[in-house]
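A structural walkthrough
Chain by chain, the residues:
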Amino acid sequence: LMSRQQEVKVYRHAGPIVLALVCHVALAGAEEASYATGRGSVLLAAMVSSSQISPSIRVFPVSSLGLGGGLGVSSRRYTATGQDSASTYSALSLEPKATFFFGGPRSRLLPYADGGVTLSVGAQQYGGSVENVSVGAGFRLGVGACALVGSSGAMMAELGYAYTAYSSKSGESQTYRSNT
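Please read these numbers as outputs of a predicted model, since none were measured by experiment. What you see as residue numbers is a count from 1 along each chain, following the sequence as written. Restriction of local features to residues with pLDDT of at least 70 applies here, the model being predicted, together with a cutoff of 80 or more for giving and counting side-chain atom pairs; totals for whole chains, interfaces and linings are based on all residues. Water and hydrogen atoms were dropped before computing side-chain values, which therefore reflect all heavy atoms in the structure.

1. Some remarks on the overall build of the chain
This is how the line gets drawn: Secondary structure counts use DSSP, requiring at least four H or I residues in a row for a helix and at least two E residues in a row for a strand, with both numbered from the N terminus. Buried, partly exposed and exposed residues are distinguished by accessible area as a fraction of the type maximum, computed with a 1.4 Å probe on protein chains only: under 20%, between the cut-offs, and over 50%, respectively. Note on definitions: a residue-residue contact is assigned when non-hydrogen atoms from the two residues lie within 4.5 Å. Per-residue accessibility takes into account occlusion by the displayed protein chains alone, with areas from the Shrake-Rupley method and a 1.4 Å probe.
Regarding its fold elements, the chain presents 1 helix and 8 strands. Here the chain holds 180 residues, and the buried ones make up 30% of them. For the chain, the proportion of contacts with a sequence separation of at least 24, taken over those separated by at least 6, is 44%. With an accessible surface of roughly 10,900 Å², the chain has 62% of that area assigned to carbon and sulfur atoms.

What follows is the structure, encoded as structure tokens:
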């Protein structure tokens, strides 16, 4: 596993690389689309925080229906009660999803509903060695709105619910529920 400094470097450099790749795919697919959620459109999104990078893509095979998914890379450092040093939990997740947008070619605000499956692999590192590896599966449901900005931009806000059950190599199981 990577050290904290290496993780920060990866996060710092991964954003521009992912953005460049996403822009290339979007421009290639946008030539056929007549409006934001029309057949042939491509929607690219990304969420970046201090502990997570999550780019996603949706392709519209028919108007208003986006199919695609996201990739999540996260790393969280914490100190549990009674421990002398910090632990790091790093995870990689894949989320195939479907999104249905309500509204037509002239709409500037597009409400939507989406759902997907989450597959995740994570490792907990404590004191320089990997203590636990876990594999998780779950689902995610969300509703939101996409406000079109200019001719090719958008701002999105979403409320969601996620449920993931993890099983570790040591036989332990954990369940996580979150509102996003």
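2. Here we look at the environment of Pro 111
Considering the arrangement of structural elements, one finds Pro 111 in strand 5 (residues 109-126). For Pro 111, a relative accessible area of 38% gives the class partly exposed. Once the C-alpha coordinates of Pro 111 and Ala 147 are considered, the two residues, 36 residues apart in sequence, prove to be 8.6 Å apart. In contact with Pro 111, not counting residues within four places along its chain, are Phe 100, Phe 101, Phe 102, Gly 144 and Ala 145.

3. Observations concerning the packing of aromatic side chains
Basically, it comes down to this: Ring pairs are drawn from Phe, Tyr and Trp, using the six-membered ring of Trp, whenever the two centres fall within 6.5 Å, and their geometry is named by plane angle: stacked under 30 degrees, edge-to-face over 60, tilted for the rest.
The tally for this structure, following the rule as stated, stands at 5 aromatic pairs. Between Phe 139 and Tyr 161, the ring centres sit 6.2 Å apart and the planes meet at 45°, which makes this aromatic pair tilted. One end of the pair, Phe 139, is in strand 6 (residues 129-149); the other, Tyr 161, is in strand 7 (residues 153-168), with 22 residues separating them in the sequence. On the accessibility criterion, Phe 139 (37% relative accessible area) is partly exposed. Overall, Tyr 161 belongs to the partly exposed group, its relative accessible area being 31%.

4. Description of the nonpolar core
Buried together is how nonpolar side chains tend to be arranged in soluble globular proteins. Basically, it comes down to this: Residues grouped as a nonpolar core are buried Ala, Val, Leu, Ile, Met, Phe, Trp, Tyr and Cys residues, joined through side-chain atoms within 4.5 Å.
Counting residues in hydrophobic clusters, the biggest one holds 6 residues: Leu 43, Phe 60, Phe 101, Leu 110, Tyr 112 and Cys 146. Among all residues touching Tyr 112, those that are not within four sequence positions of it are Thr 99, Phe 100, Phe 101, Phe 102, Gly 142, Val 143, Gly 144, Ala 145, Cys 146, Met 156, Ala 157 and Glu 158.

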